[in-house]
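Residues per chain are reported as follows:
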Amino acid sequence: MESVDLNPLSLPPGTQIGPWRLVDQRGHGAYGVVYRAVPAESQAADAVALKLALYPGDARFAREAELLSRIHHPAVPSLIDHGHWQPRNGVSHPWLVMEWVEGLPLYEWAQAQRPSSRQVLELLARLARALDATHSAGGLHRDVKGDNIRVRRADDLAVLLDFGSGHHLGAATLTWQPFAPGTSFYRAPEAWRFVLGSRKTRRKPPAVAYPPGPSDDVFALGVTAYRLVTGKYPPSAHPWEEDVWLWRPEELAAWAARVINPRCSAELSALVSWMLSERPEARGSAREVAEALERAARSAGREADVPLFTGEEPRPAGLFPIPQRVTVVRPHPRVRTRPWFAATCLGGALALSAGGLMSVSGSEEPATPQLAEQDEARDAGTVAVGDSALTAPVALERAPSAWSSITVDVPPKPFSGQRRPDGNGRCPSKVQLAINGGCWTKLPADVKDCDDYWGGVEYRGACYIPVMIRQRPSTSDPAKRDDSP
């Protein structure tokens, strides 16, 4: 099919991209859309996953292709092909083709299969080996979590997906933000401390971004394991949150996986706690973790063969069950937050999802519970390119979590109240630029200072802020005027 001005997000079946013919769409993220495809010359061949950039010239795809080409492990999808698609002159969208993974996301698989501790030990060992292969190749995944893991239907083996947030030695830094790409619920304590300081030493974001390392991937695997076994996230490691005291060494045993789920074997619980060590040097490397998990799977007693779940556990109503954080009852003063961090989190249209920290409007009230629950239901949001949706239904569009948004350059959709371009894609002023369905104004500011402005984001090496529609205050009740962005 000839490629004329087509939208990457809604290509019809039969569209040809390079030597591949699209069959159907299987999901999309903030930067990419995933199609199931087959070779254009041989429809009888096995299907592949074709991931196409939503925006022209997206450098993330070249970085991901390089990283995947360096990794050779059965739990990491093989890179088959890559190239550029031109729907019209002067516009080029990069694409990647990887092996297709048919299966369920990790947490859904656990609910359906009710695995034993031994099965989970083996599954985690395979994922740790995949991380070791990534680290040995000079790479980092940076977004390890249940939604980025598929358990293959054919053999019940886990596959680590979505390297779109990854990085490798020699790769250019594409944006500057306090945090590297990732998901807030899976961030290591040292990442939070580096960016925010402690309760006593709160500060604005540092002059340099937090440099994640292999230990961050290991910690995220520990969070994944903890939620897999207990159905809950560990306590918040955010240094300003009220339950950060639970990360003290003397408190760790109070919320170990075996305490929350007594059906968890002692060996599995201990190894999950090891991966969740508060100090990065105490976690061990991915290889050491894999070896320990493999030893435990071989030597664990009969207790390890008891299913972790009976199938009768109470589950919240709704299509996406909402997991909660583990809590331990103890009186503790509530920590208030500073409004400057609201600006860092891209403005008042969004609400923080990480434990209900604060409203991004600058007020010091808890975040909207509904938004927090939505993010938790979808594994705390996603910021990567989108191949984690390889076998999932196409997700409905919704506002991203603010914690995820601070790790990207431009939100994938306009803020509430942001001016939109007209039908021809033009904004009302010549100094305004249409980006992702909203109008933005370029600031005469250095990119590194972009966070000093409300909603400031980096786009193509420059700093932009959203153009908001002025609202007239209500004449009957000035307190109810709409100033929200």
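Since this is a predicted model, take the numbers as computed values, not measurements.

Student: So what about the packing of helix α3 (residues 117-136) against helix α8 (residues 286-299)? Which residues, and what values?
Tutor: At a closest axis distance of 8 Å, the pairing of α3 and α8 adopts a crossing angle of 160°. The orientation of α3 with respect to α8, classified from their angle, is roughly antiparallel. In the packing of α3 onto α8, the handedness of the crossing is left-handed. Here Arg118, Leu121, Glu122, Leu124, Ala125, Ala128, Arg129, Leu131, Asp132, His135 and Ser136 of α3 lie close against α8, whose contacting residues are Ala286, Arg287, Val289, Ala290, Glu291, Leu293, Glu294, Ala296, Ala297 and Arg298.

Student: Would you mind going over helix α1 (residues 59-70) in detail, with residue names and values included?
Tutor: The periodicity of an α-helix, 3.6 residues per turn, causes residues three or four places apart in sequence to face the same way. Taking 1.5 Å per residue, 12 residues should reach 16 Å; α1 reaches 17 Å between its end C-alpha atoms and fits that length. Looking at α1, one finds that the buried residues are Arg60, Phe61, Arg63, Glu64, Ala65, Leu67 and Leu68. Each element contacted by the buried residues of α1 is listed here: β3 (32-39), β4 (48-53), β5 (79-88), β6 (91-99), β8 (139-140) and β11 (167-168). Its side-chain oxygen placed 3.0 Å from the backbone nitrogen of arginine 60, aspartate 58 serves as the N-cap of α1.

Student: Report on the packing of aromatic side chains, specifying residues and quantitative values.
Tutor: The relative placement of two aromatic rings is captured by the distance of their centres and the angle of their planes. Applying the stated criterion across every chain yields a total of eight aromatic pairs. Relative to tryptophan 247, the ring of phenylalanine 219 lies with its centre 5.8 Å away and its plane at 40°, an arrangement referred to as tilted. With a gap of 28 residues between them, phenylalanine 219 in helix α5 (residues 214-230) and tryptophan 247 in the loop between α5 and α6 (257-260) connect regions that are remote in the sequence. Just as phenylalanine 219 is buried, tryptophan 247 falls in that class too.

Student: How would you sum up α3? Please name residues and give values.
Tutor: Its 20 residues place the ends of α3 28 Å apart at the C-alpha level, agreeing with the 28 Å of an ideal helix rising 1.5 Å per residue. Counted residue by residue, α3 has 16 buried out of 20 residues, so it is predominantly covered. Downstream of α3 by a residue or two, glycine 138 has a phi angle that is positive, lying close to 80°.

The rules behind these values
- Residues numbered from 1 in each chain as written.
- Predicted model: local features only at pLDDT ≥ 70, side-chain atom pairs only at ≥ 80, totals over all residues.
- Heavy atoms only, no water.
- Axes fitted to C-alpha atoms, helices over the stretch in contact; angles between N-to-C directions.
- Helix = DSSP H or I, 4+ residues; strand = E, 2+ residues; numbered from the N terminus.
- Parallel < 35°, antiparallel > 145°, perpendicular 65-115°, else oblique.
- Left-handed = near helix turned anticlockwise from the far one by under 90°.
- Contact = heavy atoms within 4.5 Å.
- Expected span 1.5 Å × (residues − 1).
- Buried < 20%, exposed > 50% of the residue type's maximum accessible area, 1.4 Å probe, protein only.
- Polar contact = N/O pair within 3.5 Å; in protein donor to acceptor, adjacent residues only side chain to side chain.
- Phe/Tyr/Trp six-rings, centres within 6.5 Å; stacked < 30°, edge-to-face > 60°.

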